[in-house]
Amino acid sequence: MTDITEISANRSFGGWHRQYEFDSAALNSRTRFAVFLPPQASESHKVPVLYWLSGLTCTDENMMQKAGAHRVAAELGIAIVAPDTSPRGEGVADADQYDLGQGAGFYLNATQAPWNAHYQMERFVVEELPALIEAHFPVSDVRAISGHSMGGHGALVLAMRHPGRYQSVSAFSPISHPVAVPWGQQAFQAYLGDDQTAWRQYDASELMRASGPEQHRPTLVSQGLADGFLETQLQPEHLEQAAQESGYPLTLERHADYDHSYYFIASFIEQHLRFHKEVLDAR
């Protein structure tokens, strides 16, 4: 069993919010994650888990401190696990910009040097982290996934690439069609190289358009219409079109006056958690 080191522990709504770090084999570096365990969690009652993927420049702390999710998660009996957004540390490749390198892992497995030595975020999120969580904490292998912005992209893509791993999916303000926008093009060029066939394997709209029933999972997406990145980086209309073409079970909600911040997430996180709870209970 992989050793983990506790960094902090805080009582919250009858449960516990805890931060840990460990040496990740997938990321080839030391990494941090946070877990909220609701009061229902015990060795005799293992609870389902929502994996939360954060956006550019974020860490595990954004979700846990700003979203206001603990109260509802405690009521519903859902654990929340939030990893960091990329590998970090000395010797980990980086770029002198906020949207590439450390803090900007894009939840894929990089194939290009120097990124491929550490940037194996897909393998970390889908395989290594759940195995560690299920070994150390009173949680089940019933999983949901969600995220914001780059993390919303990650949640949608990983759910479709690994449909057996997750029962439900949601996203706030996801990068919906990364092959067509600057954030995605820059990251994919660096991490995956010139082959745009590889890019499309990490594009939620492309995957949704080509999806079959075996990849379909109940999916909720929330988008603020006052989001400054809406037209240039997010483009949820592509996701909507792809779902219509393939029959994918997508609910896309647009909210007037809401922006890209955690004020938006905090306003609708309860709806997302209750959405996941309903699906998880019905499995």
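Before reading further, recall that the structure is shown in the block above.
Quick caveat, the model's predicted, so the values are computed rather than measured.

About the thresholds
- Residues numbered from 1 in each chain as written.
- Predicted model: local features only at pLDDT ≥ 70, side-chain atom pairs only at ≥ 80, totals over all residues.
- Heavy atoms only, no water.
- Helix = DSSP H or I, 4+ residues; strand = E, 2+ residues; numbered from the N terminus.
- Expected span 1.5 Å × (residues − 1).
- Bend = angle between axes of the 7 residues up to and from the residue.
- Buried < 20%, exposed > 50% of the residue type's maximum accessible area, 1.4 Å probe, protein only.
- Polar contact = N/O pair within 3.5 Å; in protein donor to acceptor, adjacent residues only side chain to side chain.
- Contact = heavy atoms within 4.5 Å.
- Phe/Tyr/Trp six-rings, centres within 6.5 Å; stacked < 30°, edge-to-face > 60°.

Visitor: Please give an account of helix 10 (residues 262-282) that cites residues and values.
Guide: Taking 1.5 Å of rise per residue, the 21 residues of helix 10 would be expected to cover 30 Å, and the 29 Å separating its terminal C-alpha atoms lies within 8% of that figure. Along helix 10, the sharpest change in direction is near 50 degrees and occurs at F268. Of all the positions in helix 10, only Y262, F264, I265, F268, I269, H272, L273, F275, H276, V279 and L280 are classed as buried. Two or three places before Y263, at the opening of helix 10, S261 has a side-chain oxygen 3.2 Å from that residue's backbone nitrogen.

Visitor: Report on the environment of E231, specifying residues and quantitative values.
Guide: Along the chain, E231 turns up in helix 8 (residues 230-234). Sequence separation of E231 and D195 is 36 residues, and the distance between their C-alpha atoms is 25 Å.

Visitor: Could you give an account of helix 5 (residues 182-192), with specific residues and numbers?
Guide: Residues of helix 5 that are buried include every one of W183, G184, A187, F188, A190, Y191 and L192, and no others. Buried residues belonging to helix 5 abut helix 4 (150-161), helix 6 (196-200) and helix 8. Once helix 5 ends, the next one or two residues include G193, with phi positive near 90 degrees.

Visitor: Kindly report on the packing of aromatic side chains, identifying the contributing residues and their values.
Guide: Evaluated as defined, the whole model comprises 16 aromatic pairs. Seen from their ring centres, Y20 and F33 are 5.5 Å apart, and the 20 degrees between their planes marks the pair as stacked. Here Y20 is found in strand 2 (residues 15-24), whereas its partner F33 is found in strand 3 (residues 29-37), with 13 residues between them in sequence. On the accessibility criterion, Y20 (7% relative accessible area) is buried. The exposure class of F33 is buried, given its relative accessible area of 0%. Aromatic pair Y119 and Y191: ring centres 5.5 Å apart, planes at 25 degrees, arrangement stacked. Here Y191 lies in helix 5 and Y119 lies in the loop between strand 5 (79-83) and helix 3 (121-136), a separation of 72 residues in the sequence. Like Y191, Y119 is buried. Put simply, the rings of Y20, F22, F33, F124 and F137 pair up and form one aromatic cluster.

Visitor: Any details on unusual backbone geometry? Residues and values, ideally.
Guide: Residue A113 is joined to P114 through a cis peptide bond whose omega torsion reads 0 degrees. Mapped onto the secondary structure, P114 falls in the loop between strand 5 and helix 3. Positive phi values are uncommon outside glycine, yet F13 reaches one of about 50 degrees. Its location among the elements puts F13 in the loop between strand 1 (5-12) and strand 2.

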